[in-house]
Each structure stands twice: as structure tokens, then as C-alpha cells.
Amino acid sequence: MFNKILVANRGEIACRVFRTAKRMGMKTVAVYSDADARAPHVLMADEAVRLGPAPASESYLQAELILLAARETGADCIHPGYGFLSERESFARACAEAGITFVGPPPHAIAAMGDKIESKKLAKQAGVNVVPGYLGEIADTEEAVRIAGEIGYPVMMKASAGGGGKGMRLAWSEQDVREGFEATKREGLASFGDDRVFIEKFIESPRHIEIQVLGDQHGNIVYLNERECSVQRRHQKVVEEAPSPFVTPKMRAAMGEQAVALARAVGYHSAGTVELIVSGADTTGESFYFLEMNTRLQVEHPVTEEITGLDLVEQMIRVAAGEPLAFGQSDVGINGWSIENRVYAEDPYRGFLPSIGRLVRYNPPAASEAATASSPASPSSSPRRRGSIRADTDGVADAAFLDPRLRGDDREGAGQAQPQTDQAIVRVDDGVAEGGEVSMFYDPMIAKLITWAPTRDAAIDAQVAALDAFEIEGPGTNIDFLSALMQHPRFREGRLTTGFIAEEYPDGFHGAPASAELLRDLAAIAAFAATAQADRSRRIEGQLGHRLQPPADWVVRIGGVDHAVHVSPDAISVDGAPLEIGIEYTPGDRLIEAELAGEARLSVRIAPTRTGFRLTTRGASHVARVLAGRFAPYARHLLEKVPPDLSKFLIAPMPGLLVRLDVAAGDKVEAGQPLAVVEAMKMENILRAEKSAVVKTVNAAAGDSLAVDQVILELE
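Residues numbered from 1 in each chain as written. Predicted model: local features only at pLDDT ≥ 70, side-chain atom pairs only at ≥ 80, totals over all residues. Heavy atoms only, no water.

Asker: Please clarify how the overall build of the chain should be interpreted in this entry.
Answerer: In terms of regular secondary structure, the chain is built from 17 helices and 40 strands. For a compact globule of 716 residues, the expected C-alpha radius of gyration is about 27 Å, and the chain comes in at 27 Å, within 12% of that figure. If one aligns the C-alpha atoms of the chain with their principal axes, the spans along those axes are about 85 × 80 × 55 Å. When each of the 716 residues of the chain is scored for burial, the buried share is 56%. Just so you have it, the chain exposes about 29,400 Å², and 51% of that area is on carbon and sulfur atoms. Counting 75 positive and 99 negative side-chain charges, the chain places the centres of these two groups 3 Å from one another. (Helix = DSSP H or I, 4+ residues; strand = E, 2+ residues; numbered from the N terminus. Rg over C-alpha atoms; globule rule 2.2 N^0.38 Å. Buried < 20%, exposed > 50% of the residue type's maximum accessible area, 1.4 Å probe, protein only. Areas by Shrake-Rupley, 256 points an atom, 1.4 Å probe, with all protein chains shown as cover. Lys, Arg positive; Asp, Glu negative; His and termini not counted. Charge placed at Lys NZ, Arg CZ, Asp CG, Glu CD.)

Put into C-alpha cells, the structure is as follows:
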């Protein structure tokens, strides 16, 4: 086994690898850029080495500097994490040449699967179903238009070396190809150093399902069930779950066998993922096609860990050290259900635009006791519990399991995973801390929220409760949106496609709908909080006269409706009806835990406003105006400030680089016409005209760095 491991990555995945490595008794080495000098992954490691400036191209993508750091610190293996150099065949080969073990697949397998064009050819040769398309090199936009027409719309344009949702464009028409082909090439070059693009048929009503494979250096390869990753936005996964609500045992076996056949064909070992596109319209399960193979650990690997009980990072390390797998395919089972939500620094209320800045407050929901039982290195995240693997009893198997309580002293049957709880479990994988920065240089993911429960519905309910309790202040986040997804009837029914978000939120996200019962509960909470604040105010020393009693009657306007709320020491009524609710609140609290009828609990994030409170729960923020009953009748006389008309300005929706400006002063533009392209978080965003107009002035030029809400041009 290795003595010291260097993680050639940052953030959440670096912390994730360090936790397992420390548990295995290994020393750890972090690398960092200037932007990450005080990041949690740096502080967690035993040693840390600076790579260079903040841009990834000058730090985390510098293979020579990483290898130098490994030699100087005496690291005998390197784990690449995901992204950055994780799928660079040249990096894996350089590690081997330097005598440092690469914790991942062999270089030839990375090369074979890393090229999306060549990998499809290999998959076809291995007997794997592939999507119809054109796998040759495409010279220019005109050739792309011709090929797309021959395949038949809709088509998907993909960067050959792409991944993680970058370098992908869906085209429904020739115009889409003309607008998107060059942008796809640029994204591929910027993110992966390769501007080749291929085009394939887009499967309508598609589901994105992937198979986790794991192989050792002795020819043993197994598949660890599937993950459903259909809930995506702009081809970036948002929600993942295991198992899939769509996949039957027969489908699982067919998909898994093809995934193993492909891995075997390229001499694969370590953890890897075979991604498939599945026709949701074909309930036979036979219409599944190979998309790509990711030759690395996936972001969504925790959900597989949760239903199998395996620590995939540990498995990768043991395989890299030459150990054989301690179990076979017949030992792999499924225990319960797990769901992962990716918490991003983006604003769903502004078209999911990237958001950066300081984490003024970061307080994730408490991880369940079982989730942290064997993870002293981190208070907020660790994969530990249950499992559904049967393994040999030679001592190697035990180390593969997440929960130490699954490993008894009785050697007979050691490693046999048994459910330890029927209660939902919460796990948070993160690599940030309060006071840290969400930088424009890297991926905007803040954390991964993972839940496990015996059933899918229970795992979903656990997500909703955990999201309600997740406190983040500073950059905008997608927490409300994730909660809305979890509550959506279509999601709960499992009727998913990769177009789910676009289909259900065609006009953008404006908060999850709130029931009349929820608004009534929130009105009671707002009135109770106002009473508590009034009670504190009356206790201030030095006031004239006798101390006043706090008002008992309040009028709370929420959702455009006024509610009369009466608060007494032992009861609360709303609109004359008693409400069975238990509330505990002290002025200054940021989170209220309310107990509702039927033992239900409601977590509400609360923040004061000038006339009441902002209450955030169940996927939406609600502004509650709270007035004492005797003052409320006069509220109708107050003037409301009308917001200014900003439609004549093209405003930068996020901080970024102005890559292209398509118009000049005096140009006439039509609604929907592209005006500018802003690059942020390695993604290009096309800004379009909202109405027909004439460009009056241009206030920025291509190449300028833009601040959020900066005026790019003015229309008239």
C-alpha cells in the first residue's frame, strides 16, 4: 500500500479523497493556486504545494508542476480527482515515467475513451449500441450544416474531448448549427485544448443513465448498478440518483454487461463510468445507446456508494496498488435509494446566471450520525453506512466498506452488509468554508447534498428537509430550485427526461408554488417572530413610562393575501382558526424549526426586512409584511416605489469576459437577435435583444472584463 498520496485537484473532490486516504493511514499532499491558498483542501492536507496563479491553465493544468510537487514531497501516488488532468492520457503516462502511480485507469484506456469520436468506433466494435451520427472531423460551419441535414434534425454538436456539460449544443434547425458550431469549437478548445466537433442524432424524450464499472489489474471487472442523471440544465447534471426509477433488472443486466464488455475491450482498470442515452418512450428498455466513457471518478459517485456500501475512492487506491477486487458481480446488490443534488453558485431567479463572491455565511445541514461515524477529518461530509456487497473474508474486503459497523469481529461472514437503520441519512460533500470565495476561475459547485433512505420517496423527502436547513449567504445559489425539483409531481413520479427542466420551467424559475396551508403556517411564524422582537424591545432599559406589552394581534400580508394572526402565550390562530404549531425563536435566529400537526417539521430560514421578514422554505422565498393590528388599516395609504425601466439597456447578467460584441451604435436589432457573448465559468452566454430597437450607445468592447449589472449598450 502507498505511504503518501497527492491529489491533483481542488475543492470538494480533494477533500473527499483526503478523508479516505487519512482513514487508510496515508499521508496527504495538496496542491493549490493563489486563489485557493487558504482553501479547506489545503488546510486538511498534511502538506501543501503552491502551483501558480489562479487561472487553471497556470496552476491545476500544469502537469510538470504537479509532478515536481509529488517528487519534492515524496508522494508515491497521485489521484487526479475529476476535471483538470483526470482524463489526460499524457498526464497518466508522465506519472508512470516518473515512477509515481496514477490512481486511475491505464494511459491507453484513457486515450481510447477520451476521444469521443474514436470511443464510439471502439464501442461499436465491442458490440455496444451507439447513436447514429457522423464521427469524422468536421472542417467548418458549412460542412456541419450539410452533415446535420443528412442525419436529420434535431442533432447534438459535441466537442470531441468534452465533458461535464461543456462543449455541447443542441440544434433543432440549420440556424442553430450556424450559431452554435463555432461556439462549440471555442468551448472545446478553451476547456479541453481540442476544438474537434462531432455531430450525432439527438434522441427525443431521452433519459441519461450511466453504469458505474470497477476493474482491477487482474482482469476482474464488475458493474455497480446504474445512476439516473436525466435532470440536467444546459447538459450539466443537476440531480442524480441510484438506482434509476426507469431501469428494470433485465435492463440493468443488459446495460451492465455491455459496459463491462467495453471496459474489457480497452483493458480498463480502476473506477469508470459508461454513459448511456436511453429512449424513455421505449418501455422495453432495449433502446439504449453509448454516449461516452468517463475514465475517472464521477461527481455523482456518492449515490453509488450509498446503495452499495463501497468506498469508491478506496477501491481506486487499492486497485492502483495492485490488489484484486474482493468481490464479484454476483455479490453486488442494491440497498435503499440515494439522491444527490448539486448546490451551485448560480441565481435561478435570473436565468441561472453564475454568481461569485464571498460566502458570508455557510452552514450546511447537519450530517447524520451514521454519515460521520468514521470521518473525524470533516464535520460536514463523509460517506459512511449500509451496503449491499457480499465479499470474501480474507481481510481485504473489510476495508472496502464505508460503515465500520458493517464489519464485525466475527470473521465468519465479515463484510456482509446489512441495513443498520430505516431512518433517512444526510451527507454533505463540500470543499468550502464560511468566509471563503466562490471564484470566477473554477466550477461554481459549492457542495453536493446526498441523502439515503429505504425508499425513493423517503430519500426525496429527506432532500427537501435538508435543503430547507441549508444556509448560504453571499453568492446566489440554486437551493430553492433544487427544492422545487424535489417537490415536483413529475419528478416524484419518476417521469424524467433530459428536457425535464426546460419543459417544466419554460419561462424560467420563479420559486416553487406554495399551498394555502404553507402560507398560513408562514403567516403564523412571521407573527410569532414579530411578537418575540416586540417583547425584546419592551425590555430595553431606560424607557419612559411603564413597559408596554407586545401586540397580540397582527396582520400578515404574504402572497398578496392578508392574514389576521392572534398570538397568545399558549396558542396561535390564523384568520380565526386555531393552528396546531410549535415554534421556538429568539430574535437574531437565522433558522426556525417549526413542529406542525402530525409530527411534521418545517425548517424556515428567516431574515428581517424593513416591514417584516423574508421567509425561505420549500423552494421559495416569501416576503411577509407584518403590522400590528391597530396599524394595518393605514397601510393602504402608503406609496409603493415603482422600479425603473431597464429594458433599454443590455446589462451584464454576471461577472465575466465580453468575448464578442455583434452590434455597433446605429445598428437596428430585432427581438431575439444576438447582441453579445459573455464568457463566465468557462461557459459562453449569448445575450439577445428583448425587443426591436436601435443601438444608441456602446459602453464596452470585446475583451473587457465585466462586472455584474454593468451596462454593455443602450437601445432606443
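There is more to say, and it comes next.
Asker: Looking at this structure, I do not really get the packing of helix α4 (residues 89-97) against helix α5 (residues 107-114). What am I missing?
Answerer: The description of two helices packed together rests on the angle between their axes and the distance between the axes. Contact pair α4 / α5: the axes reach a minimum separation of 8 Å and the direction vectors enclose 175 degrees. It follows that α4 is roughly antiparallel to α5 by the angle criterion. Note on element contacts: α5 touches α4 through P107, H108, I110 and A111, opposite E89, A92 and R93. (Axes fitted to C-alpha atoms, helices over the stretch in contact; angles between N-to-C directions. Parallel < 35°, antiparallel > 145°, perpendicular 65-115°, else oblique. Contact = heavy atoms within 4.5 Å.)

Asker: What am I meant to see in the pattern of salt bridges here?
Answerer: Two side chains of opposite charge can pair, provided their charged atoms sit close to one another. If you walk through the whole model with that rule in mind, you get 56 salt bridges. Here R196 and D115 are joined by a salt bridge, their closest N and O atoms 2.6 Å apart. Of the two residues, R196 sits in the loop between α8 (174-192) and β9 (197-201) while D115 sits in the loop between α5 and α6 (116-125), which places them 81 residues apart along the sequence. Among the salt bridges present, the one from K121 reaches E118, with a minimum N-O distance of 3.5 Å. Of this pair, K121 and E118 both sit in helix α6, three residues apart, which is roughly one turn of that helix. Of the residues examined, K121 reaches a relative accessible area of 36% and is grouped as partly exposed. Here the residues in one salt-bridge network are R16, R23, E305, E306, D311, E314, R318, E323, R427 and D429, joined through shared partners. (Salt bridge = Lys/Arg side-chain N within 4 Å of Asp/Glu carboxyl O.)

Asker: Honestly, the packing of helix α7 (residues 141-151) against α8 in this entry has me stumped. Any pointers?
Answerer: α8 packs onto α7 with a crossing angle of 140 degrees between their chain directions and a minimal axis gap of 9 Å. Between α7 and α8, the angle is such that the two are oblique. Both α7 and α8 take part in a crossing whose hand is right-handed. Of the residues in α8, those in contact with T141, E142, A144, V145 and A148 of α7 are E174, V177, R178, F181 and E182. Taken together, the residues that form the contact of α7 with α8 break down as five nonpolar, one polar and four charged. (Left-handed = near helix turned anticlockwise from the far one by under 90°. Nonpolar A, V, L, I, M, F, W, Y, C, P; charged D, E, K, R; others polar.)

Asker: Would you take a moment to explain helix α9 (residues 249-265) for this structure?
Answerer: Two residues of an α-helix separated by three or four positions point the same way, owing to the 3.6 residues in each turn. When the terminal C-alpha atoms of α9 are compared, their 24 Å separation across 17 residues agrees well with the 24 Å that a helix rising 1.5 Å per residue should span. Along its buried surface, α9 packs onto α5, α6, β10 (206-215), β11 (221-233), β13 (270-279) and β14 (288-294). G267 lies just past α9 and shows a positive phi near 65 degrees. (Expected span 1.5 Å × (residues − 1).)

Asker: What is the right way to look at the side chain of E240 in this model?
Answerer: Assignment of secondary structure puts E240 in strand β12 (residues 236-242). Side-chain polar atoms of E240 contact the side chain of R342, separated by 2.7 Å. Leave out the neighbours within four places in its chain, and E240 touches E228, C229, E300, V303, S338, I339, E340 and R342. (Polar contact = N/O pair within 3.5 Å; in protein donor to acceptor, adjacent residues only side chain to side chain.)

Asker: Got a minute to help me understand helix α14 (residues 479-487) in this structure?
Answerer: Of all nine residues that make up α14, eight are buried, and the element is covered over most of its length. Every buried residue belonging to α14 is among I479, D480, F481, L482, S483, A484, L485 and M486, and all of these are buried.

Asker: Got a minute to help me understand the sheet that holds strand β5 (residues 101-102) in this structure?
Answerer: Two orientations exist for strands paired in a sheet by backbone hydrogen bonds: parallel and antiparallel. A sheet is described by the order of its strands in space; here five strands give the open sequence β3-β2-β1-β4-β5, paired in parallel fashion. Looking at which strands have only one partner, the edges of the open sheet turn out to be β3 (47-52) and β5. Bridge count between strand β2 (residues 27-33) and β3: five bridges; the pairing is parallel. By the bridge assignment for β3, Y32 is matched with R50. (Pairing = 2+ DSSP bridges.)

Asker: Is there a simple way to explain the nonpolar core in this structure?
Answerer: A general trend in soluble globular proteins is that nonpolar side chains are found buried together. Grouped together as the largest cluster of nonpolar side chains are 37 residues, with contacts concentrated most on I446, L485 and M486. For this core, the secondary structure elements donating two or more residues are β12, β15 (337-344), β20 (425-430), β22 (445-453), α13 (456-468), α14 and α16 (500-504). Contacts of M486, omitting those with residues within four sequence positions, involve V239, I339, N341, I460, Q463, V464, L467, F491 and R492. By size, the runner-up hydrophobic cluster in this structure holds 35 residues, among which are I5, V222, L224 and A320. (Core = buried A, V, L, I, M, F, W, Y, C linked by side-chain atoms within 4.5 Å.)

Asker: For this particular structure, what's the right way to read the layout of surface pockets?
Answerer: To find leftover empty space, one rolls a probe the size of a water molecule over the atoms. What the second largest pocket holds in volume is close to 600 Å³. The wall of the second largest pocket is formed by 27 residues, among which I472, E473, R605, R614 and T616 lie closest to the centre. Only β16 (346-347), β23 (471-473), α14, β30 (601-608) and β31 (612-617) provide two or more residues apiece to the lining of the second largest pocket. At four residues, the largest contribution of residues to the lining of the second largest pocket is made by β30. (1 Å grid on protein atoms, 1.4 Å probe; cavity = no way out; pocket = protein on both sides within 12 Å on 5 of 7 lines; lining within 4 Å. Points joined across faces, edges and corners; volume = space filled by probe spheres on them.)

Asker: Just to check I follow, could you spell out the packing of aromatic side chains for this structure?
Answerer: Note on aromatic pairs: each is described by the distance of the centres and the angle between the planes. Scanning the model with the defined rule gives 11 aromatic pairs in all. Aromatic side chains W172 and F202 sit 6.1 Å apart centroid to centroid with 70 degrees between the ring planes, which places their arrangement in the edge-to-face category. Within this pair, whereas W172 is found in the loop between β8 (166-171) and α8, its partner F202 is found in the loop between β9 and β10, the two being separated by 30 residues in sequence. The class of F202 is buried, set by a relative accessible area of 15%. Between the aromatic rings of Y505 and F509, the centroid separation amounts to 5.9 Å while the plane-to-plane angle is 70 degrees, which identifies the pairing as edge-to-face. Chaining the aromatic ring pairs together yields one cluster made of Y349, F352, F481, Y505 and F509. Taking the ring centre of F491 as reference, the NZ or CZ of R456 above it sits at 4.8 Å. (Phe/Tyr/Trp six-rings, centres within 6.5 Å; stacked < 30°, edge-to-face > 60°. Lys NZ or Arg CZ within 6 Å of the ring centre and 35° of its normal.)

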